[in-house]
Amino acid sequence: MTTTVDNAQTATDPTDALGTVIDDVIRPQAPIVDRDGAFPRPGVDALAAAGLLGLASSTEVGGAGRGMRAVAEVIERLAAECGSTAMVVLMHYAATAVIEAHGPHDVRAAIASGDHLTTLAFSEYGSRSHFWSPTGTATAADDDTVRLDARKSWVTSAGEANSYVWSSLPLTRDAGPMTLWLVPADSAGLSVTGDFDGLGLRGNGSRPMTADGLRVPATARMAADGAGLDTALGAVLPWFLVLNAAFCLGLADSAVAEAGRHLTRTTLTHTGAALRDAPVTRRDLARLMIRTDALRAFLGDTLTALETGRDDAMLRVLQVKALAGETVADVTDGAMQLCGGSAFRKELGLERRFRDARAARVMAPTTDALHDFVGRLATGLPLLDEANR
């Protein structure tokens, strides 16, 4: 498994503008996005204008050509302010990895310029979080087009993205377990078929979508027929899992920072003591900090493993999201307890981070599935049974 190593930063590094976009747009909009369940269009547009949607795109098509480490830092910083925005951008980068490898030049260039938002459309009603087992079909037509039929269960940025990296069963029965397609958002037969009123990540636009007789040209196929699973595991999964870990780190780190501020500035009138003056409180905060810093170190080691082609790179990739999902759940829960009743109010933003943090455990591959994958690698078994490939 390999990934792009960061090129030298240039004078026009788009990450230089990230702080301004966060300060001016994303942080002020975050409570509104959460309250209204609104897609974070102002933030996404500001990130696009700053060149950040093209951060992982090749310089050949006008992108910044940055690697996974730089992209992970962007996701971490976004998640610290607005989980919904971070998840939209995370899925865009994960889909971009496939399009960069197998997509058409014009779409790659549009992504690089910030004019195109993309996302993944993998999970289906029939197979749920087992994204490696699609049930949607692809059927060749006589006019060199392909008919796609499927019921996708949750698609981030549904109805908002310009394209979808779409999985299906192969055209040819024995070609392999999955084929990938690039589906334009304006394709006839493609529709959003439900709403999302969720506990957390309320503005990420994660909604069901249906393809009913959707037609794409045969050239919309990405990689060979049946090779979609290998592409998903080799190109998509490292980006998706590592960026999910960065997302969790951003949430956890911001929750710890907010808890620390609350304990420092809050005093008891009858004693004059700050909440931080209690040894047990300081101990509990320290535990949350240590958990968060341990995740940061593990994520850094995972990125190093990928960048240097270490033998344990795949193992680290599978481990890091499992570790991150459990860590962020525990840390945000602990921050809520430390801050007591104040944490239940909207002002601190802790309850929003607590809710957003619940998603990591159940996003495919779920934590349970990742534990199984890690155990398989550790005992010499293939990642998936042959029946699933």
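Note: the structure precedes this text.
Here is what the cut-offs are and how they apply
- Chains are numbered independently. Their residues run from 1 in the order of the written sequence.
- Thresholds applied to this predicted model are a pLDDT of at least 70 for local features of residues and 80 or more for the giving and counting of side-chain atom pairs; totals over whole chains, interfaces and linings are not thresholded and use all residues.
- Heavy atoms from the whole structure form the basis of all side-chain values; hydrogens and water molecules are not counted.
- When DSSP finds two or more bridges between two strands, those strands count as paired.
- Runs of E in the DSSP output that reach at least two residues are strands. Runs of H or I that reach at least four are helices, and both are numbered from the N terminus.
- Axes here mean lines fitted to C-alpha atoms, for a helix over just the part in contact, with angles spanning 0 to 180 degrees between N-to-C directions.
- A contact between two residues is defined here by any heavy atoms of the two lying within 4.5 Å.
- Centre distance within 6.5 Å is the pairing criterion for rings of Phe, Tyr and Trp, where only the six-membered ring of Trp is used; planes under 30 degrees apart are then read as stacked, over 60 as edge-to-face, and the remainder as tilted.
- Accessible area is worked out with a 1.4 Å probe on protein chains only. A residue is then buried under 20% of its type maximum, exposed over 50%, and partly exposed in between.
- Look at NZ for Lys and CZ for Arg. If either is within 6 Å of the ring centre and within 35 degrees of the ring normal, a charge sits over the ring.
- Here a salt bridge means any side-chain nitrogen of Lys or Arg lying within 4 Å of a carboxyl oxygen belonging to Asp or Glu.

Trainee: So what's going on with the sheet that holds strand β3 (residues 145-155)? Which residues, and what values?
Mentor: On the basis of which strands lie adjacent, the open sheet formed by four strands has the order β2-β3-β7-β6 and antiparallel pairing. The open sheet terminates on both sides in strands that have one partner only, identified here as β2 (137-140) and β6 (190-192). Averaged over all neighbouring strand pairs, the angle between strand axes comes to 10 degrees, with direction disregarded. Bridge count for β3 against strand β7 (residues 207-217) is eight bridges, and the pairing is antiparallel. Looking at the pairing, K152 lines up with M209 of β7.

Trainee: With reference to specific residues and values, describe the pairing of β7.
Mentor: Where β6 meets β7, three bridges bridge the pair, whose relative direction is antiparallel. Each bridged residue has a counterpart across the sheet, and for L190 the counterpart in β7 is A211.

Trainee: Give a description of the environment of L318 that names residues and reports values.
Mentor: Note on placement: L318 falls in helix α8 (residues 313-339). Sequence spacing of L318 and L237 is 81 residues, and the spatial spacing of their C-alpha atoms is 8.8 Å. The contacts of L318, once residues within four sequence positions are left out, are L237, L241, L370, F373, V374, L377 and L383.

Trainee: I'd like to hear about the packing of aromatic side chains, residue by residue, with values.
Mentor: Considering all chains together, one arrives at four aromatic pairs under this definition. An angle of 75 degrees between the planes, with centres 5.9 Å apart, marks the rings of W154 and F196 as edge-to-face. With W154 in strand β3 and F196 in the loop between β6 and β7, this pair connects stretches of sequence that are 42 residues apart. Residue class for W154 comes out partly exposed when judged on its relative accessible area of 42%. Three or more aromatic residues joined by ring pairs make a cluster, and in this case those are F122, F131, W132 and F373. We note K152 situated over the ring of W166; from NZ or CZ to the ring centre the distance is 5.0 Å. Here R358 stacks its cationic end above the ring of F354, 3.9 Å away from the centre of that ring.

Trainee: Describe the pattern of salt bridges, listing the residues and the values that go with them.
Mentor: Counted according to the given criterion, the structure contains 30 salt bridges. In this structure, D23 and R27 form a salt bridge, with 2.8 Å as the shortest nitrogen-oxygen distance. Taken together, the residues span about one helical turn, with D23 and R27 both in helix α1 (residues 18-36) at a distance of four residues. Take D23: its relative accessible area is 43%, and that puts it in the partly exposed class. Take R27: its relative accessible area is 38%, and that puts it in the partly exposed class. Close ionic contact of R215 with D143 constitutes a salt bridge, the shortest N to O distance being 3.8 Å. Here the residue R215 occupies a position in strand β7, and D143 occupies one in the loop between β2 and β3, the gap between them amounting to 72 residues. When its relative accessible area of 42% is taken as the criterion, R215 is described as partly exposed. Taken together, the shared-partner salt bridges in this structure form one network comprising D34, K346, E351 and R355.

Everything listed here is a matter of coordinates, which is why it stays silent on function.
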